[in-house]
Amino acid sequence: MPQLQLSNSPGLSFPSTQNSHRRLHKGSEFLLDCVSPPPPPLPRCGQESEIEVENRKIELLRAVTDTNRGLTATPLQRSAIEEALVNVESFDAGEPIQLSLLDGTWRLQYTSASDVVILFQSAETLPFFEVDQIYQKFECNDQSREGVVRNIVRWSIPNLLEEHEGATLIVSAKFSTVSVRNIYLEFEEIAVQNIKIGEELQALLAPAILPRSFLSLQILQFIRSFKAQFPVRPSSQSRSVGGLYYLSYLDRNMLLGRAVGGGGVFVFTRAQPFIC
């Protein structure tokens, strides 16, 4: 069994494996690699300022369109995305992050982080794996300085698992605020769960012809409830893998982040609550 390793990008990190992935769910996308500090915040002018920031968010979303969440972005597109990103970041640069707004589920629209893009590349080129939606779920628990973040990948194996959402990979980390905009992530656990087998495999294990045997039903139930968990830290004495994550913009429906140290940029939009 290959050893799971956590990548170095703190914003959205997943274990690298020798198994790869196939088709990519075509969704909207966003982001870029530059970590240059955003310009000073623009003065807020009530309703006009709100309209302006909404227009700039729309421009950012348009800029990431047709990039397959960053996989197919050209240098010209990346440059335009970075410019649009900075234009949004300028509206609340330097203001403290409100964890009450951060709490919840966010869907990845675009990234330039190589450790995430490689998932998309694998899914695009290999015939036996699919990558669907990717989420980041913050659980702040009414705290002002700390909480839990879960990086969630929905994936599948064609003809064996349900299409797009056959299983779920979750990388969990604790986070704590170290400045008004930086949080430190301390990764704790990798889990595979929510396995949903496809109709073909289900028919093989438990044929629809009644009566189904008790054993076949038990096998189906075991697969559905199966959950594999792997601790990130190799021993209780060693320190967990972690890193700094700069939250460059946050409001009720958009989250922008930059992995400190050149790990890439991330664009998320608010999603429906995800129950792990």
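Residues numbered from 1 in each chain as written. Predicted model: local features only at pLDDT ≥ 70, side-chain atom pairs only at ≥ 80, totals over all residues. Heavy atoms only, no water.

Right, let's talk about the nonpolar core for a bit. With 40 residues, the main nonpolar core has Leu 102, Phe 138, Phe 175, Tyr 245, Leu 255 and Phe 266 as its most contacted residues. Ranked by size, the runner-up nonpolar core spans 16 residues in total, among them Ala 63, Val 88, Tyr 110 and Met 254. (Core = buried A, V, L, I, M, F, W, Y, C linked by side-chain atoms within 4.5 Å. Buried < 20%, exposed > 50% of the residue type's maximum accessible area, 1.4 Å probe, protein only.)

Here we take up the environment of Arg 270. In this structure, Arg 270 sits in strand 11 (residues 264-270). When the C-alpha atoms of Arg 270 and Thr 105 are compared, they prove to be 6.2 Å apart, with 165 residues separating the residues in sequence. Look past the residues within four positions of Arg 270 in its chain and what remains in contact with it is Leu 101, Leu 102, Asp 103, Gly 104, Thr 105, Trp 106, Asp 251, Arg 252 and Asn 253. Separated by 2.7 Å, the side chain of Arg 270 and the backbone oxygen of Leu 101 make a polar contact. Within the local environment of Arg 270, its side chain forms a polar contact with the backbone oxygen of Asp 103, the two atoms lying 2.8 Å apart. (Helix = DSSP H or I, 4+ residues; strand = E, 2+ residues; numbered from the N terminus. Contact = heavy atoms within 4.5 Å. Polar contact = N/O pair within 3.5 Å; in protein donor to acceptor, adjacent residues only side chain to side chain.)

One non-glycine residue, Asp 66, lies in positive phi territory at about 65°. When you line up the elements, Asp 66 lands in the loop between helix 1 (47-63) and helix 2 (75-89). Even without a glycine there, the phi angle at Asn 194 is positive, about 55°. Tracing the backbone shows Asn 194 in the loop between strand 7 (182-193) and helix 5 (199-205).

Turning our attention to the side chain of Arg 78. By the element assignment, Arg 78 lies in helix 2. Residue Arg 78 is classed as buried on the basis of its relative accessible area, which comes to 19%. At a separation of 3.3 Å, a polar atom in the side chain of Arg 78 contacts the main-chain carbonyl oxygen of Gly 70.

According to the stated counting rule, one finds eight salt bridges in the structure shown. For Glu 54, the salt bridge is made with Lys 57, and the minimal N-O distance between the two is 3.0 Å. Note that Glu 54 and Lys 57 are positioned in helix 1 at a spacing of three residues, about one turn of the helix. A relative accessible area of 36% places Glu 54 in the partly exposed class. Note that Glu 188 and Lys 174 form a salt bridge whose closest N and O atoms lie 3.6 Å from each other. Placement of the pair is Glu 188 in strand 7 and Lys 174 in strand 6 (residues 167-177), with a sequence separation of 14 residues. For Glu 188, a relative accessible area of 30% translates into the label partly exposed. Salt bridges here are not isolated pairs; linked through shared partners, they connect Glu 54, Lys 57 and Asp 251. (Salt bridge = Lys/Arg side-chain N within 4 Å of Asp/Glu carboxyl O.)

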